[in-house]
Structure formats: C-alpha cells, structure tokens
Amino acid sequence: MIEFRGVTKAYDNTTAGVHDATFTVHRGEFLFLVGQTGAGKSTLMKLLLKEMEPDSGVIRVAGRDLSEITHKKVPYYRRNLGVVFQDFKLLPNRTVYDNVAYALQVTGASRKQIRRQVPDILRLTGLSTKLHNYPHQLSGGEQQRVSVARAFVNHPPLLLADEPTGNLDPDTTIGIMQLLYRINKAGTTVVVATHDEGMVNRMRRRVIELQGGQIVRDEVAGGYGRDSESTAEFGALMRGEPSPTPQRLRQPSEADLFDDAFAD
Amino acid sequence: MIEFRGVTKAYDNTTAGVHDATFTVHRGEFLFLVGQTGAGKSTLMKLLLKEMEPDSGVIRVAGRDLSEITHKKVPYYRRNLGVVFQDFKLLPNRTVYDNVAYALQVTGASRKQIRRQVPDILRLTGLSTKLHNYPHQLSGGEQQRVSVARAFVNHPPLLLADEPTGNLDPDTTIGIMQLLYRINKAGTTVVVATHDEGMVNRMRRRVIELQGGQIVRDEVAGGYGRDSESTAEFGALMRGEPSPTPQRLRQPSEADLFDDAFAD
Amino acid sequence: MNRVSFFFKEALRSIGRNPIPSFAALMAVLITVLVLGVFIPAVQLANGAADDVRSRVQVSVFMDKKATKADVARVEQRLQRTEHVKSVKFVSKEQALAEQKKQNPEAYALLGKMNPLPDTFRITPDSAGDTNSLLASLMPKGTSGKGAPFDAAIGEVKASKSETNKIVKITGAVKLSIGALALLLIVASILLISNTIRLSLFSRRREVEVMKLVGATDSFIRWPFVIEGLILGAMGGAVAIAMLALAKVTILSQLEGIATLISRPDMIAFGPLIGLLVLASIGVSAAGSGLSLRRFLRV
Amino acid sequence: MNRVSFFFKEALRSIGRNPIPSFAALMAVLITVLVLGVFIPAVQLANGAADDVRSRVQVSVFMDKKATKADVARVEQRLQRTEHVKSVKFVSKEQALAEQKKQNPEAYALLGKMNPLPDTFRITPDSAGDTNSLLASLMPKGTSGKGAPFDAAIGEVKASKSETNKIVKITGAVKLSIGALALLLIVASILLISNTIRLSLFSRRREVEVMKLVGATDSFIRWPFVIEGLILGAMGGAVAIAMLALAKVTILSQLEGIATLISRPDMIAFGPLIGLLVLASIGVSAAGSGLSLRRFLRV
Ligand SMILES: Nc1ncnc2c1ncn2[C@@H]1O[C@H](COP(=O)(O)OP(=O)(O)OP(=O)(O)O)[C@@H](O)[C@H]1O
Ligand SMILES: Nc1ncnc2c1ncn2[C@@H]1O[C@H](COP(=O)(O)OP(=O)(O)OP(=O)(O)O)[C@@H](O)[C@H]1O
Ligand SMILES: [Mg+2]
Ligand SMILES: [Mg+2]
C-alpha cells in the first residue's frame, strides 16, 4: 500500500525533517509511528498527503509514484486518504456537521448519502449533541473527535492519524482506538503517529520509530495474531483488563457496530 | 490564591460549561484538574483568565474579585498569570524567540532583561535550536513547548497549564512536569488540566475532577508530603522508577537548574 | 443542478459567516458604482455644456445689397442643404437695422431712413470644430485658388473669429481632461475592488488550504467564491443604484433648470447607465474573486 | 524612547510578514492619492476655464459724444478705482470706427469721414457674477430711483447681456458639478482606505486576541498598527507623488499650450498640493488603523 524508498526531506538547510526513510506498509496493516517531538512523524504524513515533495527518494501509494501525480489530480488522490491532523484543521466557519459533510461533498456525494453517513459517524465519535456547534465552541477533545470523524466518513482505503488522541481522556482514547481497529479489520490500512507509549505497547502492532528523521526501529510486534480479537476484546486489552472472553458470548458483531465508549 | 464560590457558566442555553463550582486553592499549591473531554476544564481556565464572565458566583484571585477588575485593568491582571493554552495560541508572524519575548515586552521589560531571560527559558524547554523558526515551521510538540516557555518566562505567581503535555513524548512530558514542579517549589501556585491519568497518579498531588461541569472529586492526595522530593527524585517518580536516593548525593540543586530531558 | 445549488448555498453561508470581509467588498462596489454613477452623467453634462459654449460660434452670410427676394430664397435653400449646418436664421435688413440701432443709437440716428445693412443669414454649425469646413464649402476655391462665395448674390461670408479659437481650445481642454479623469477613475475603481476582494480572500487562505487538504478540486473551491463575489457585487450595485435613483429624484429635479439650459446634453439614459454599472460591478467582483483565489490554490 | 523604537520595529516587521494586506493598504492609498492628485488640478483647470468663458462678459461705458479728453481721463481714473473691476480697456472713437468698418464695410462706407461712434471703455468684471453689482455702482440710483451714470460725461452704460445669463449659468453648473464630484471623490477615498485598513486588520484579529490574552494593553497593541498605517500611507503617498511628478513633467509640459490659454488658472502650486495629499493619506491610514482596531480589542 505504502512504499518509501530512500526518502529524504530536509527543511531549508537544517537537519530537521526525514532522512533516507525506507519501509513498506502492506495493505490492511496497522502501523504505529512513534518518536520524540520533532522526530519527523508529521513530516512523513505530509509527504504521504503530497502536501510537500521529498528532496529525493520515491514514495509509492497503492503502486503509484506520488511524484507523477499532477497538480490537477492531487485532489482525487487525497480523497482516498482519510487524515486526522495533529492540529485538527477544521473549517472555522462551518458547524461540526458541515465540517464532516464537506469531506463527502468534495467527492460529489449525493445529499441522501450525506444525510445517512454523517450522523452515523458523528454518533460513533460521540458528537451527536454538538452537531451545530462551530469549532471555536468545542473543547479541545471534541475538536479532535471532529477531525477523526471527518477522516473516517469517507471510508478511505488508507487512513493517516497524527496524534489522534492527544487531547482525549483515556476512555475516549480507547473508543477512538477501537474505532480505528474496527476500520482496520474492515480492510483499511491505518497509520497512527502517537506519543502514547502505553497504547502502543498494549496494542502490539507494528511500530516504526523515528529519531531525528531516521528510522531506528521497525518491528512487527509478534506474539499476537492480527485480526484475532473482537473490538470488545481489544478495548479490554487497551484498558489493561484481563481478556473479556465472557463478553464474546454476547453478540460480538453488535459490539463492533456501536460502542459504549462514545455514548455521551 | 484562587477561590471559586458557586461559579456557574453555561454556554447559550446548553448544559455545557461549569456548574456551581466551589473550591479554594491555597498559595503554593499544585492542583490537577481532570475530567473527560468537554467536562469544563478549559472553561474554568478561561474564567480564571477573565476571558469570559461567569453567569453567577464569585471568583477571587489573590483576594480580588475578578468581576471588579475593569476592562482597562485586565491586561495588568493577566500579567500575573502564566498560561499554557490547549491550542498554544502562538503569534503566527513571530519567531519562537519573539513569541516568548512578547510576554516580557508587554510588561515593559528592558531589552537587557529580555536578552537574559528568554534564552534561559528556551534552553530549559529544549528550544535552543529553534529560536528563529516561525510557529508553522515547528512540530506540534515544539509549539506546545513554546507555549510553556512563554507562560514561564515571566515567573508569574499563578500558572495555569491546559493540557501542557498533550503533544509531547513521555521523556519531554517528564521534563515539563519537572519544570512545573520546580516552579511550584519556588512558591508559584500551579494548576494543570490534563488527561494523563498516569501522570496524575504518579504525582500524588491534589486532584479536582470535573464531570459535566460539576466538581465530583476534590482530594488532597495524602501519604506523600509536599515539597519533600528533589526534582530528580520527582522525575524518577514520574518515570515509575524506584526512588533515586543515590542521586541526591550528587548536587541536587544543579539538577534542579538544568535538565537532561531537554537537552536536544 | 444539485451542485449549483450547493455552490449557491455555500456562497450565502460564507457571506453570513464573514460579515466584515463581505461588508468591505460590498462597500467597495457600492462606493465605486456610486462615484461612477455620479461621475459619468456629470462628465456628459460638462461635455454638453462645453459643446454648448462652443456652439455659440456662428457664421454670418451677408447678402449683396442688390440681392432680390428670389436670390435670398435660393441661397437659403442651398444653405439648408449644406453639410455641417445645424440651423439657419434669416435676419432681414430691416431687422438688422433695428438691432444695430438699439446697440448704437447715436451712430444710426445720423443715418435717418438710410439702411446700410444687408440681409443676413446667421448659421450655427453642427459643432464649433466644423466651422472651418463649413466656411470652405460656403466659399469653394475657384480656379484662381482664392475662395469666393458659392452664389453671386452673396456679398460676404464671415465667421465671428475673434474669440472662436480660444473658446474652442478651452472647451476642448475641459472635455479632454474630464474624459481622462473618467478613464482614470474607472481603472482605479477596478483596481480598488479587486484589491478589496484579494484582501478578503486573504483572510480566508487557511480555509482554502484545509479544503485542498481534504480533497477539494480547485473549481470546487473557486465556484462558491465566484458566486459570492457575484452576489456581493449585485448587492453593492443595487444599493448604489437605489441611492442614485433617490438622488436623481430629489436633487436633480431641482437642478432641472440647469440641465435644460444645455441644448444638446446628449446624455446616456438613466436606465442603460445603471444597467451598465451593475453589470460592471458584478463582473469585476466575480472575476476578482475567481482570479484572486488562484494564488491561494497552490497548496 | 525604547518603547517608541520597539513600536517602530514591530510595525516594520508586521509589514514584512504580512505582504498582502500591507500591499493592499498601500495600493488603496496610492490609487486614492493618484486620483485626487490628478483630479484636483483638473477641477481647478476646468473651473479656471469656466471662469475664463464667463469673464468674456464685458461692460461697455460709452462716453458722451461731446466728452473732452479731461472728461475721459477723469472717468478712466474713477473706473479703475471702482470695485469688481478687473481691467479697463479704452477704445477711442477712431479705433471703434475702424473696428466697425472691418465688420460692416458696406454700412460704414456710406458714412464717409463722419464718425457716429463715441469713445468707449470696455470693462472686464472680476467675475461674471459681479456684473450686476458693477452695473449698480456705475449707475448709482438717484433720488428719482432710476439709475443714472455716475458722471455726466458718460452717455450710456451697457452690459453685453444677450448671452451673458446663459453662459453664466452653464459655467456655474459646470463648476458646481465638478466641485460636488471632487467632494464625493474625497469622501469615497477616505471610506475606501479605511475599508481596506479594516479588512487588513480583520485578517489579523486572531493575533490581537492572543496579544490581549498574554497581557498586552490596548495602546500597546494599537501603536504598532498606527505606525504601520503611517508608514504604509507615507509609502503609498510617496509613490503616487512620484508618478504625478513624472506625469507632470512628461505629459503636462506638452499640454502647456492649453493651460496658458486660460488667463486665470488660479491653481494650487504642485508643491503644496502634494504636501496636502501626503498628509491626508498618512493621516487617514494612521487614524484608520488605530480606530479600526477598536472592535478587535474587546477581548
Ligand atoms: N516548515 C518547516 N520549516 C522548517 N522546519 C520545519 C518545518 N516543519 C517542521 N520542521 C521541523 O522538522 C522537524 C520535524 O517536524 P515534525 O512535525 O515532522 O515532527 P513530529 O515528529 O510530528 O513531532 P511532534 O510529535 O511534536 O508532532 C521539527 O524539528 C520541526 O521543527
Ligand atoms: N463558546 C462555546 N459555545 C458553546 N459551547 C461551548 C463553548 N465553548 C465550550 N463549549 C462547550 O462546553 C463544554 C466544556 O468545554 P471545555 O472546553 O471547558 O472542556 P474541556 O474540559 O476543556 O475539554 P477537553 O479536555 O476536551 O479540552 C464542551 O462540551 C464544549 O462543547
Ligand atoms: Mg507532529
Ligand atoms: Mg480543554
């Protein structure tokens, strides 16, 4: 799905950026990107989004070399990516509902489709009571959830989330991660940049660690088979509770669709 | 230092906000404000900063009723508060250095004073190499650290920090918390709003928990005497390591002034 | 269709949510249309006045003293068909004498019943600038190369030259400078409106950046802005025109006297003028919005 | 002092970091000064031209046929001291006859050596509007209530009334409408500049909010903006004046002929005019910045 080969991006004559990054992410994988502040995680995301061009090296997404996408085609490429931005990047003059709907409107989705999908994702992210608020009328965590909802509403094949839980409390964090997990189980490739060590450790997924722009660790955490847990089990795992096997007896598919963590 | 009596602030006809909050923070205390997303933590901070007025109730800071401060006097009041904003609120057209210097310039500080204090605090927050970057040229965590530096540079008697470590990796988080701790030890009253449960638990300070705008918990965590640890001990505590008593033999005051966690 | 209505809704929402930039753009259009709406008729009025002053230049055709009634009738017919002639006024020798007597009683008292004055045609040329060609056609050059009146019954052809050249030049200068001003003003107006639009878009550049990042195409972003410019331009134009119409009714009707003083105002009608202004303001606003956006779309 | 230099540095930095709003504000000032700089002299030129046309209205004082040289000298002296008299031109009876002979050779041929014409003074009034009061002072009302010439040696006093009223009215209308336009344009300019400034401040309202939150007083925030407006106004004014000066040198010198045609241009000198324009543009910009900020300071 994603292929970086010798990608280097240095910000004007500094050492900051990304240096000679080479890695591959397969379709359907779940990848954590970790590293200290300023390590280059967001830079990597920006390169993937073609917000800027690498100084050297090749980036391929779904087999396509990003440098070959013309300026006119960039919007169509971006529609295949759901992105949760570290600074949310909400449209300040739109309500929560309209912010999320906008991601569908750009694709030319019908009004019917929008009316069906947007309330769904807003309920899932626990924003049902804030539909008509403007971003400046939301708490930090609520803004972050809007950003998450907007990234998900499209059901994109590739999902980039930059620090998606930095402003969220532990319960909501688990809810969001469960959502990511469920999306990943449905076939979406997910890349999450995060500082939350606890979460990374508990999730036991593949981790790429950056340090000063260089990849210093790339490990597929073994021991735990992928796609083997239900969302509820996964949530328990996140909470550090013992495996909630009994819960599996209650319809697990239901638990997958609706999630207590978001019931405000 | 801070006294809330029956303070209520509801956002236009909703239940969101703060409801009937009553508590007192003494001079030199270190207080954690916790609660889920949307619980009202930032609202409380905004009320303290006189960014908005409560619907009812009285807020006193340093014995002064905030409602009695006239519009003209507000700037002078705010200079006594160092604030780390959840969304950083950096000035987009100023470099890191100038952003921090601005907080001193408004007070009419001399150029000499600025040239002495600003580099100091930037070194302490690990931003020495980013002096001349503009906010949009910083990573999320670096922006947050600039916000922290700006709040501290004044040595204000009261420090409000809204989610000061949300975008920081664990090491930097510990560094910032050590800095807060040191500042608190020097007599400054510190209020920190945070989601980081681990940190709150490890710090064992007073915690006020909000839920839907109401104070549901206010406990002075006992068992641990205040001001009893050195910063290095405190750091170890945060990391969850055993008490680093041996380190106390090496000059603890030095460790208080300079901190490895920020040496980039 | 769905998409068009979406763009329209977006434009309206944007106007509602950004009152200051919208108001500023509207004000710019309004002021500009207002200034132009007052300026253009005023220029035409001034031009008309200048023309009117110039038209006071007359050509006199003095008949021969011995000319018969038939001669006079023939010459009059011929004059009326001549190019550049706007009007011909016949002054008989008796009328001429009466006029002169009134002006110079002493001088003419001596003449008694004698009348030294000929029958005269006073001709007003189409415009002062045509005086010379009119003179040329009234006095065609013969084989000798010297001009002679076209009819033997004509004694002399004369233009009141003394002040003519000066008046023609002065009024010409007035017309020229006023025309240049109108042009300058129109260019300045367009620059100012597009300036305002660029500025109001600048205040929304972050918004455009975010739109691009979530996959909006350039045209998807641009259309609402163009429609917004269109709506604001139309609104600004409409208000300006309402103000102009009000001014026309209340003030101009009082100045009617002055306007009718000028024989050939040759003014554009109020209707077409405002139509033109509205179209111009809408066009400038819409094009301004669309084009100014270009630089913010490079994300 | 320290603080003043800080404000200046802030203003310069802000201009450097916000090129689009700064450029827009500068453009607005530049265009406005340019338009006014062309418009004001043009208005004065047009006014001068109108006055010049009006000044062609003359008053003739015909001496009595029997007036002696002494009478003529006395009347001339008196005329020169009369109010509203701009110039007095003496035309002797011989000159008058020669003039008339050239105009009406046939009529005067019959008179032979006889001269029916009196000595005449042709008086140009200060302005056409003063004609009536001039007439009144030349013909003071006696006890009978009827006006009579102030000197017995005067035969008659007459104004060339025929076209006077019309020309006076028309040129009056031209002056009026042009003056009104100048006023309208000045008001519009001020509105547009302050509009632009408000807009460019709007794009920085978040910045002002943050400044307030970290404890900056209103005046601490406002001064750099005022100085910025001052600098931008000065720059825009300077560029506009450079362009005007260039235009004056290249274009106006070619039109010299037209300007000298008008006897009393009564124009403001180039120096004071530009001084005024610069001051105005700087003032408007600085005041605009300072005042517009007010609404963003309520945090
Ligand atoms: N536009 C820019 N110009 C110059 N330097 C930049 C620019 N953008 C980012 N940087 C620098 O590049 C480095 C990597 O930034 P990046 O945003 O990728 O970090 P990050 O890993 O996302 O950090 P965080 O966890 O704090 O978000 C940082 O040191 C930052 O200062
Ligand atoms: N200007 C506003 N208008 C309306 N509602 C608002 C406004 N500001 C905040 N709210 C609402 O008030 C509630 C409390 O917000 P606040 O920012 O205090 O939460 P918080 O505790 O800081 O949350 P977080 O941890 O996510 O930052 C939220 O539900 C939010 O949507
Ligand atoms: Mg980042
Ligand atoms: Mg908050």
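Residues numbered from 1 in each chain as written. Chains lettered and ligands numbered in written order. Predicted model: local features only at pLDDT ≥ 70, side-chain atom pairs only at ≥ 80, totals over all residues. Heavy atoms only, no water.

Per an unreviewed UniProt entry, chain C carries the name Cell division protein FtsX and comes from Patulibacter medicamentivorans. Database annotation for chain C, UniProt heading Subcellular location (unreviewed entry): "Cell membrane". What the UniProt record of chain C gives under Sequence similarities (unreviewed entry) is the line "Belongs to the ABC-4 integral membrane protein family. FtsX subfamily." (UniProt positions renumbered as here; feature names shortened; annotations may be inferred.)

Student: How should the interface of chain A and chain B be read in this particular structure?
Tutor: At the interface, 21 residues of chain A touch 21 residues of chain B. A combined buried area of about 1,700 Å² lies between chain A and chain B, and 42% of that area is made up of carbon and sulfur atoms. Counting the surface chain A buries against chain B, the share from its top three residues, A:T37, A:N167 and A:D169, is 30%. At the boundary of chain A with chain B, the tally comes to 0 salt bridges. Put simply, chain A and chain B have 10 residue pairs in polar contact (both at pLDDT 80 or more) between them. Per element, the largest residue contribution to the side of chain A that touches chain B is 4 residues, and it comes from helix 5 (residues 140-152) of chain A. Here the residues of the side of chain A that touches chain B sort into 3 nonpolar, 11 polar and 7 charged. (Contact = heavy atoms within 4.5 Å. Buried area = accessible area lost by both parts, 1.4 Å probe. Salt bridge = Lys/Arg side-chain N within 4 Å of Asp/Glu carboxyl O. Polar contact = N/O pair within 3.5 Å; in protein donor to acceptor, adjacent residues only side chain to side chain. Helix = DSSP H or I, 4+ residues; strand = E, 2+ residues; numbered from the N terminus. Nonpolar A, V, L, I, M, F, W, Y, C, P; charged D, E, K, R; others polar.)

Student: Which parts of the structure should I look at to understand the pairing of strand 6 (residues 81-84) of chain B?
Tutor: Note on strand geometry: in a regular strand, side chains alternate between the two faces of the sheet. Residues and elements named next belong to chain B. Alternating positions in strand 6 separate into two faces, L81 and V83 on one and G82 and V84 on the other, with burial throughout. As paired strands, strand 6 and strand 7 (residues 158-162) are joined by 4 bridges and run parallel to one another. Across the sheet, the residue bridging to V84 is A161, located in strand 7. (Buried < 20%, exposed > 50% of the residue type's maximum accessible area, 1.4 Å probe, protein only. Pairing = 2+ DSSP bridges.)

Student: In this structure, what is going on with the relation of the copies chain A and chain B? I would like to understand it.
Tutor: Superposition of the two copies of the chain requires a rotation about an axis together with a shift along that axis. Mapping chain A onto chain B calls for a screw motion: a turn of 180° about the axis and a shift of 0.0 Å along it, with 0.0 Å RMSD after fitting. In symmetry terms, the pair is related by a two-fold rotation axis. Judged by C-alpha distance, A:G166 is the residue of chain A that lies nearest the rotation axis, at 2.4 Å. Most of the interface of chain A is mirrored in chain B, where 100% of its interface residues are also at the interface. (Least-squares fit on C-alpha atoms with pLDDT ≥ 70 in both.)

Student: Is there a simple way to explain the site of ligand 1 in this structure?
Tutor: With respect to spatial proximity, 20 residues lie near ligand 1, and among them A:S42, A:T43, B:S139, B:G141 and B:E142 are the closest. At 2.5 Å from an oxygen atom of ligand 1 is found a side-chain nitrogen or oxygen belonging to A:T43. Within the complex, 94% of the 640 Å² of free accessible area of ligand 1 lies under protein. Of all the secondary-structure elements, those providing two or more residues to the shell around ligand 1 are helix 1 (41-48) of chain A together with helix 5 (140-152) of chain B. Looking at the shell around ligand 1 residue by residue, the classes come out as 4 nonpolar, 13 polar and 3 charged. (Near = heavy atom within 4 Å. Areas by Shrake-Rupley, 256 points an atom, 1.4 Å probe, with all protein chains shown as cover.)

Student: When you look at the coordination of the magnesium ion (ligand 4) in this model, what are you seeing that I'm missing?
Tutor: Octahedral six-donor coordination of a metal ideally yields angles of 90 or 180 degrees, compared with 109.5 degrees for tetrahedral four-donor coordination. All names here are of chain B. Protein-derived ligands of the magnesium ion (ligand 4) are S42 (OG) and Q86 (OE1), with the metal-ligand distances lying across 1.9 to 2.1 Å. You can see S42 sitting in helix 1 (residues 41-48) and its partner Q86 sitting in the loop between strand 6 and helix 3 (96-105), a full 44 residues away along the chain. A residue is classified by how much of its surface remains accessible, and S42, at 18% relative accessible area, is buried. (Donors = N, O, S within 2.8 Å, 3.2 Å for Na, K, Ca; no water.)

Student: Explanation requested: the packing of helix 3 (residues 96-105) of chain A against helix 4 (residues 111-124) of chain A in the structure shown.
Tutor: Between two packed helices, both the angle of their axes relative to each other and the distance between the axes serve to describe the pair. Residue and element names in this part refer to chain A. At their nearest, the axes of helix 3 and helix 4 sit 10 Å apart, and the two run at 125° to each other. When the axis of helix 3 is compared with that of helix 4, the two are oblique. Taken as a pair, helix 3 and helix 4 cross one another with a handedness that is right-handed. Touching V96, Y97, V100, A101, L104 and Q105 of helix 3 are I114, R115, Q117, V118, P119, I121 and L122, all from helix 4. (Axes fitted to C-alpha atoms, helices over the stretch in contact; angles between N-to-C directions. Parallel < 35°, antiparallel > 145°, perpendicular 65-115°, else oblique. Left-handed = near helix turned anticlockwise from the far one by under 90°.)

Student: Can you help me understand a nonpolar patch on the surface in this one?
Tutor: There is a patch of nonpolar side chains on the surface, built from C:L183, C:V187 and C:L191 and spanning about 270 Å² of accessible area. Tracing the backbone shows C:V187 in helix 7 (residues 161-202). (Patch = residues over 30% accessible without salt bridge, like charges linked within 9 Å, V, L, I, M, F, W, Y side chains within 5 Å.)

Student: Sorry if this is basic, but what is going on with the sheet that holds strand 4 (residues 56-61) of chain A here?
Tutor: The pairing of strands in a sheet comes from backbone hydrogen bonds and takes either a parallel or an antiparallel form. All names here are of chain A. Spatially, 2-1-4-5 is the arrangement adopted by the 4 strands of the open sheet, whose pairing is antiparallel. In the strand order of this sheet, the two ends are held by strand 2 (17-25) and strand 5 (64-65), each with one partner. Where strand 1 (residues 2-10) lies against strand 2, 6 bridges are found, and the strand directions are antiparallel. Bridge pairing in strand 2 links E3 to T24. The sheet contacts of helix 1 involve strand 1, strand 2 and strand 4, and relative to strand 1 the element is tilted by about 115°.

Student: Would you take a moment to explain the packing of aromatic side chains for this structure?
Tutor: In this description, a pair of aromatic rings is defined by centroid distance and the angle of the planes. One pass over the full model with this rule turns up 14 aromatic pairs over all chains. Taken together, a centroid distance of 5.4 Å and an interplanar angle of 25° make the contact between C:F6 and C:F220 stacked. Of the two residues, C:F6 is situated in helix 1 (residues 2-17) and C:F220 in helix 9 (residues 218-261); the sequence distance between them amounts to 214 residues. Measuring from centroid to centroid gives 5.1 Å for D:F90 and D:F121, while their planes differ by 50°, and the two rings are tilted. Here the residue D:F90 occupies a position in strand 2 (residues 85-91), and D:F121 occupies one in strand 3 (residues 120-125), the gap between them amounting to 31 residues. On the basis of relative accessible area, D:F121 is assigned to the buried category, the value being 0%. In textbook terms, an aromatic cluster arises when at least three aromatic residues are bridged by ring pairs, as seen for A:Y102, C:F6, C:F7 and C:F220. The aromatic ring of A:F85 is capped on one face by A:K89, whose charged end is 5.7 Å from the ring centroid. Looking at D:R17, its charged tip hangs above the ring of B:Y134, at a distance of 3.5 Å from the centre. (Phe/Tyr/Trp six-rings, centres within 6.5 Å; stacked < 30°, edge-to-face > 60°. Lys NZ or Arg CZ within 6 Å of the ring centre and 35° of its normal.)

Student: Teacher, can you tell me more about the site of ligand 2 here?
Tutor: By nearness alone, 20 residues border ligand 2, and A:G141, A:E142, B:K41, B:S42 and B:T43 come closest of all. The local environment of ligand 2 is shared, drawing residues from chains A and B. A:K130 places a polar side-chain atom, nitrogen or oxygen, 2.8 Å from an oxygen atom of ligand 2. In this structure, B:G40 approaches ligand 2 through a main-chain N or O atom, which is 2.9 Å from an oxygen atom.

Student: I tried to follow the nonpolar core on my own but got confused; where do I start?
Tutor: If you look at soluble globular proteins, the nonpolar side chains tend to sit buried side by side. Formed by 106 residues in total, the largest nonpolar core has its most connected members in A:Y102, B:Y102, C:F39, C:I221, D:F39 and D:I221. Among all residues touching D:F39, those that are not within four sequence positions of it are C:F39, C:L181, D:I178, D:L181, D:A182 and D:L185. (Core = buried A, V, L, I, M, F, W, Y, C linked by side-chain atoms within 4.5 Å.)

Student: Would you mind showing me how to read the coordination of the magnesium ion (ligand 3) here?
Tutor: Distances from the magnesium ion (ligand 3) to its protein donors, A:S42 (OG) and A:Q86 (OE1), fall within 1.9 to 2.1 Å. Classification of A:Q86 as buried rests on a relative accessible area of 17%.

Student: How do you make sense of the side chain of B:Q105 when you look at a structure like this?
Tutor: Counting through the fold element by element, B:Q105 comes out in helix 3. Apart from residues lying up to four places away in sequence, B:Q105 is in contact with B:I114, D:R3, D:F6 and D:F220.

Student: What am I meant to see in helix 6 (residues 170-185) of chain A here?
Tutor: Within an α-helix, residues lying three or four positions from one another point in the same direction, as the helix has 3.6 residues per turn. Compared with the 22 Å implied by 1.5 Å per residue over 16 residues, the 22 Å span of helix 6 of chain A between its first and last C-alpha is a close match. Following helix 6 of chain A by one or two positions, A:G187 has its phi on the positive side, about 115°. (Expected span 1.5 Å × (residues − 1).)

Student: Looking at this structure, I do not really get the domain arrangement of chain A. What am I missing?
Tutor: Interfaces are often sized by the amount of accessible area the parts lose when they come together. All names here are of chain A. Partitioning chain A into structural domains gives domain 1 (28-53 + 75-80 + 157-262) and domain 2 (90-155). Contacts between the two partners involve 18 residues from domain 1, matched on the other side by 14 residues from domain 2. Overall, the association of domain 1 and domain 2 removes approximately 1,300 Å² of surface from exposure, summing both partners, and the carbon and sulfur fraction of that is 65%. Where domain 1 packs against domain 2, one counts 0 salt bridges. At the junction of domain 1 with domain 2, the criterion picks out 5 residue pairs in polar contact (both at pLDDT 80 or more). Considering each element in turn, the side of domain 1 that touches domain 2 owes the most residues, 6 residues, to helix 6. (Domains from an automatic or database assignment.)

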